[in-house]
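Here is what each chain is made of, one letter per residue.
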Amino acid sequence: PYDLDFYQGQYFLTDTTEGCIKVFSTEGKLVLTIGSKGLGPGELSEPYCMAINEESGILYCYDGSRRISCFSTGGKFLKILKTSLSIWDMEFCGNDLIATAYNEATNSLLVTFNKEGNIQKFFGHRFDESINKLSPRYQMVLYGNASLDVYKDKIYVFYERLPFIQVYTKQGELIRTIDINIK
């Protein structure tokens, strides 16, 4: 399992081995399996990250195959959103889906999708000069592996291989970069 979401009293957990999302009760009982392994509609290759829109109850799951599969939280397959981006993590901020997706062409680290799956904007630029001197491949590894959290309309980004947390407004404006100095 790579990702966990809690929605309406249930735990939603990605299962990359079986290519599905498993839903558990708060007591740990499996109550539902969403999707199955594969590349067709309603199938998931290796479900890595997901986010649930609290307002619509739609679950969005990125499975490493350059697409986001959408399901109802009851397990019904709804649609596929195709993307050219490689996504590391996703969270909702209101109705906007925010994703970590290093994009060399736009020099950005994050992207906002609307509920139809269209890119609204790229934001979050490469910020460390020593890393910016490395080859694009290494920059992608260092900047691309980032986790998101959304709290009180602010977007928090933690770079898993860098000692930084960045805080953005929901409009994508950088509030601050925090050096967390992990040793």
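Worth saying up front: this structure is predicted, and the values here are computed from it rather than measured. Residue positions within a chain follow its written sequence, with the count starting from 1. Thresholds applied to this predicted model are a pLDDT of at least 70 for local features of residues and 80 or more for the giving and counting of side-chain atom pairs; totals over whole chains, interfaces and linings are not thresholded and use all residues. Remark: hydrogens and water are excluded; side-chain values derive from all non-hydrogen atoms of the structure.

(A) Region of interest: the overall build of the protein chain. Each helix and strand in the protein chain was counted, giving two helices and 18 strands. For a compact globule the rule gives 2.2 Å times the number of residues to the power 0.38, and the radius of gyration it is set against comes from C-alpha atoms. Taking 2.2 N^0.38 as the reference for a compact globule, 183 residues should give roughly 16 Å; the C-alpha atoms of the protein chain span a radius of gyration of 16 Å, in line with that estimate. By principal-axis analysis of the C-alpha atoms, the protein chain measures approximately 50 × 35 × 30 Å. Taken across its 183 residues, the protein chain has 45% of its residues classed as buried. Contacts: residue pairs with any heavy atoms within 4.5 Å of one another. For the protein chain, contacts bridging at least 24 residues in sequence account for 33% of all contacts bridging at least 6. Numbered from the N terminus, helices here are DSSP runs of H or I no shorter than four residues, and strands are runs of E no shorter than two. In this scheme, a residue with accessible area under 20% of its type's maximum is buried, one over 50% is exposed, and one in between is partly exposed, where area comes from a 1.4 Å probe on protein chains only.

(B) Highlighting the packing of aromatic side chains. In summary, the pairing rule links any two rings of Phe, Tyr or Trp, Trp by its six-membered ring, whose centres are within 6.5 Å, and it sorts them by plane angle into stacked for under 30 degrees, edge-to-face for over 60 and tilted for everything else. On inspection of all chains with the given rule, the structure shows seven aromatic pairs. Aromatic side chains F6 and Y11 sit 4.9 Å apart centroid to centroid with 55 degrees between the ring planes, which places their arrangement in the tilted category. Owing to a relative accessible area of 33%, Y11 belongs among the partly exposed residues under this scheme. On the basis of an interplanar angle of 70 degrees and a centroid distance of 5.7 Å, the ring pair of F71 and F77 is categorised as edge-to-face. Ring-pair connections join several aromatic residues into one group, and the members of that group are Y2, Y48 and W88. In this structure, K121 packs its charged tip against the face of F123, placed 6.0 Å from the ring centre. Think of it as a cone above the ring: NZ of Lys or CZ of Arg counts as a charge over the ring if it is within 6 Å of the ring centre and within 35 degrees of the ring normal.

(C) Expanded view of the sheet that holds strand 2 (residues 10-15). For two strands to pair, DSSP has to find at least two bridges joining them. An order of 1-2-3-4 is seen for the four strands of this open sheet, with the pairing classed as antiparallel. With one partner strand each, in any of the chains shown, strand 1 (4-7) and strand 4 (30-34) form the two edges of the open sheet. Each strand of the sheet is rotated relative to its neighbour by a mean of 25 degrees, with strand direction disregarded. Relative to strand 3 (residues 20-25), strand 2 runs antiparallel, the two being bridged by six bridges. Residue pairing for strand 3: Y11 is matched across the bridge by F24. Only the stretch in contact is used when fitting a helix axis, every axis being a line fitted to C-alpha atoms; angles between N-to-C directions are given from 0 to 180 degrees.

(D) Molecular detail of the pattern of salt bridges. What makes a salt bridge here is a side-chain nitrogen of Lys or Arg within 4 Å of a carboxyl oxygen of Asp or Glu, nothing more. All chains considered together, the criterion is met by four salt bridges. A salt bridge links E18 to K22, with the nearest nitrogen and oxygen atoms 3.3 Å apart. With a relative accessible area of 46%, E18 lands in the partly exposed category. Classification of K22 as buried rests on a relative accessible area of 16%.

(E) Broad picture of the pairing of strand 10 (residues 77-82). With five bridges connecting them, strand 9 (residues 67-72) and strand 10 associate as antiparallel partners. Considered in strand 10, the bridge of F71 is made with F77. As consecutive antiparallel partners, strand 9 and strand 10 are separated by four residues, and within that stretch G75 has a phi angle of approximately 105 degrees, a positive value.

(F) The sheet that holds strand 8 (residues 58-62), seen in detail. Pairing within the open sheet is antiparallel, and its four strands lie in the order 7-8-9-10. Unpaired on one side and paired on the other, strand 7 (49-52) and strand 10 mark the two borders of the sheet. Ignoring which end each strand starts from, the neighbouring axes of this sheet average 20 degrees apart. Sheet topology places strand 8 next to strand 9; five bridges connect them, and they run antiparallel. Across the sheet, residue C61 finds its bridge partner in strand 9, namely S69.

(G) Focus on the side chain of R67. Assignment of secondary structure puts R67 in strand 9. Any N or O atom pair separated by 3.5 Å or less is treated as a polar contact, with the protein-specific requirement of one donor-capable and one acceptor-capable atom, and with residues adjacent in sequence counted only for side-chain atom pairs. Here E43 takes part through its backbone oxygen, which lies 2.5 Å from a polar atom of the side chain of R67. When residues no more than four places from it in sequence are discounted, the contact partners of R67 are G38, L39, G40, E43, L44, S45, C61, Y62, I80, L81, K82 and T83.

Remember that the coordinates give geometry; whether it matters functionally is a separate question.
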